[in-house]
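Observations on the model geometry
Spelled out, the chains give:
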Amino acid sequence: MNKLFRIFALLMIFSTFFAVRSFAQARPADPVTYETLYDDPEAVKRLFVAFQPIFGELWATNPHAGFGMEAWYFLKDKADFRVHLRKAYGTPFDFARESAVRNSTMQNEQTVLNHFEFGGTYHFKEEIKESETKMVLYKQNYEGARWTAQVPLSITVPSQVRKIYGARLGGVLFDTSADLNRIFERQNVDISKITAVEGGQSLPTEFTNGLGDLEQVNVFSNVDVKGIYAGVSLSWIRNVAVDIDKHSPGVDDRLITTYFDLLIAPWVTLDNVYYQDQEYSVQSLKTNPVGFRFGLDGKFNRTLSWGYGAEAGIKPGLKSGGFFVLLKISMPIYATEVDYEVEAFEK
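Next up on the list: the overall build of the protein. Each helix and strand in the protein was counted, giving 4 helices and 20 strands. Looking at the 347 residues of the protein, the share that counts as buried comes to 41%. Considering only contacts within the protein whose residues lie at least 6 apart along the sequence, 74% involve residues at least 24 apart. Of the roughly 20,000 Å² that the protein leaves accessible, carbon and sulfur atoms contribute 59%.

What follows is the structure in structure tokens.
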């Protein structure tokens, strides 16, 4: 046993020695020199317009996938404004609506999922600090398999980072189909509590199909939410480029924003349902007018680029149906200065 342990220990020592030696040989023998071309985090493009070909949202009320559009406008160092629209690709990707088309025994017409936001962020504090960023060492002849076979090396260069502390305020509107059978179960509400607007009789829980068999009544409705969001944000902006000796230039022009919002929706509407030409009230189901979200947005200070975003939290709407996680990709993002005037002086 001791002999095996010694052999194993020797193998570990030799493998560690050769790994360290190989790593040391892979690193450049000479220091890398560079020249800073620019370092100005205040020189940010003012208008960004993004097409979002794909987003996915795991939402307890209605998981779905779709596309969207988003635009940001920066009013110098005072504020920025944002408009966002997204909707499901179609019925197969709008899962509650798809389920209603296949299974609903109600006569309601199911709504298509739509989500719209508009708002602004006031920059109540800005600061520029000295920091550092990493630049990957890359050469033009690193192509295809040769680049994938490389062990990426990087250098750390000093750069400035601009921090923006913001106060957010805006409006949010969305509507969706909803499977109320699941909501009944989560809220511990018996379907018999759903009563006719005229007459007061309970909604049947079962019906006889054309074959004489009993089937469960499947209740689907539509939810419409209108409200506001208010919160805080923190943005990090870098805009630095360096010319690296014997390597391609390095650029770090990231714009990253994290935020937290309270979602307040005084107007949450749950449509009544229709069964066999009779209107039934679903107002015994509880709605939730308050929610929250944490979010992250990232993009680049370039004319054409891409971006990403993520959110998680609780949406206003049906109680016990608000939890959501959202992921989105923006590609392409078009950005422009908007104002191309250059200050000039007479000689």
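Attention now goes to the pairing of strand β10 (residues 220-237). Where strand β6 (residues 154-179) lies against β10, 18 bridges are found, and the strand directions are antiparallel. Looking at β10, one finds that Ile 164 is bridged to Ser 235. Note: β10 against strand β13 (residues 254-270), 14 bridges, orientation antiparallel. Across the sheet, residue Ala 230 finds its bridge partner in β13, namely Leu 262.

Bringing the sheet that holds strand β14 (residues 273-275) into the picture now. Here 3 strands make up an open sheet; going across it, the order is β7-β15-β14 and the pairing antiparallel. Of all the strands in the sheet, the pair left with one neighbour each is β7 (195-196) and β14. Here β7 runs beside strand β15 (residues 278-281); their pairing, made up of 2 bridges, is antiparallel. In the strand pairing of β15, Ala 196 is matched with Tyr 280.

We now examine the nonpolar core. Among the nonpolar cores identified, the biggest contains 31 residues, and Leu 180, Phe 184, Leu 203 and Val 219 are the most heavily contacted of them. Elements with a contribution of two residues or more to this core: β2 (47-59), β6, α4 (180-187), β10, β13, β14 and β20 (323-336). With sequence-adjacent residues up to four places away left out, Leu 180 is seen in contact with Val 219, Phe 220, Ser 221, Leu 270, Val 273, Val 282, Leu 285 and Leu 318. Within the second largest apolar cluster, 10 residues are counted, among which are Val 44, Phe 48, Ile 237 and Leu 255.

Let's shift gears to a nonpolar patch on the surface. Among the surface-exposed residues, Val 49, Phe 51, Ile 54, Phe 67, Met 69, Tyr 89, Phe 93, Leu 304, Trp 306, Ile 329, Met 331 and Tyr 334 lie close enough to one another that they form a single nonpolar patch of about 1,100 Å² accessible area. Those elements giving two or more residues to the nonpolar patch turn out to be β2, β3 (64-75), β18 (304-314) and β20. Position of Trp 306 relative to the elements: it lies in strand β18.

Turning our attention to the pairing of β2. For β2 and β3, the ladder comprises 9 bridges, and the chain directions are antiparallel. Bridging from a neighbouring strand, Phe 55 pairs with Gly 66 of β3. What sits between β2 and β3 in their antiparallel hairpin is a turn of 4 residues. As defined by bridge partners, β2 adjoins β20 across 10 bridges and the pair is classed as antiparallel. The residue of β20 that forms the bridge with Leu 47 is Thr 336.

For the rest of this paragraph, the subject is the side chain of Asn 239. You can see Asn 239 is positioned in the loop between β10 and β11 (240-244). With near-sequence residues (within four places) excluded, Asn 239 lies in contact with Tyr 38, Asp 39, Asp 40, Pro 41, Ala 43, Asp 252, Asp 253 and Asn 301.

Right, let's get into the pattern of salt bridges. Applying the stated rule across the entire model yields 18 salt bridges. With its nearest N and O atoms 3.3 Å apart, the salt bridge here joins Arg 86 to Glu 57. On the criterion of sequence distance, the pair formed by Arg 86 in strand β4 (residues 79-88) and Glu 57 in strand β2 is long-range, its members being 29 residues apart. Each member of the pair, Arg 86 as well as Glu 57, is classed as buried. With a shortest N-O distance of 2.5 Å, Lys 226 and Asp 224 are connected by a salt bridge.

The rules behind the values
- Every chain's residues receive numbers from 1 upward, in the order its sequence appears when written.
- Where totals are concerned, whole chains, interfaces and linings use all residues; where local detail is concerned, this predicted model gives features only for residues with pLDDT of at least 70, and gives and counts side-chain atom pairs only at 80 or more.
- Excluding hydrogens and water, the side-chain values take into account all heavy atoms of the structure.
- Secondary structure elements are taken from DSSP: a helix is a run of H or I of four residues or more, a strand is a run of E of two residues or more, and numbering for both begins at the N terminus.
- Only protein chains enter the accessibility calculation, which uses a 1.4 Å probe. A residue is then buried if its area is under 20% of the maximum for its type, exposed if over 50%, and partly exposed in between.
- A contact between two residues is defined here by any heavy atoms of the two lying within 4.5 Å.
- Note on areas: Shrake-Rupley, 1.4 Å probe, and residue coverage restricted to the protein chains presented here.
- Pairing between strands is defined by DSSP: at least two bridges between them are needed.
- Only buried Ala, Val, Leu, Ile, Met, Phe, Trp, Tyr and Cys residues count toward a nonpolar core, and they belong to the same one when joined by side-chain atoms within 4.5 Å.
- Each patch is built from residues that are more than 30% exposed by relative accessible area and take part in no salt bridge. Like charges join if they lie within 9 Å; nonpolar side chains (Val, Leu, Ile, Met, Phe, Trp, Tyr) join within 5 Å.
- By definition here, a salt bridge exists when the distance from a side-chain nitrogen of Lys or Arg to a carboxyl oxygen of Asp or Glu is within 4 Å.

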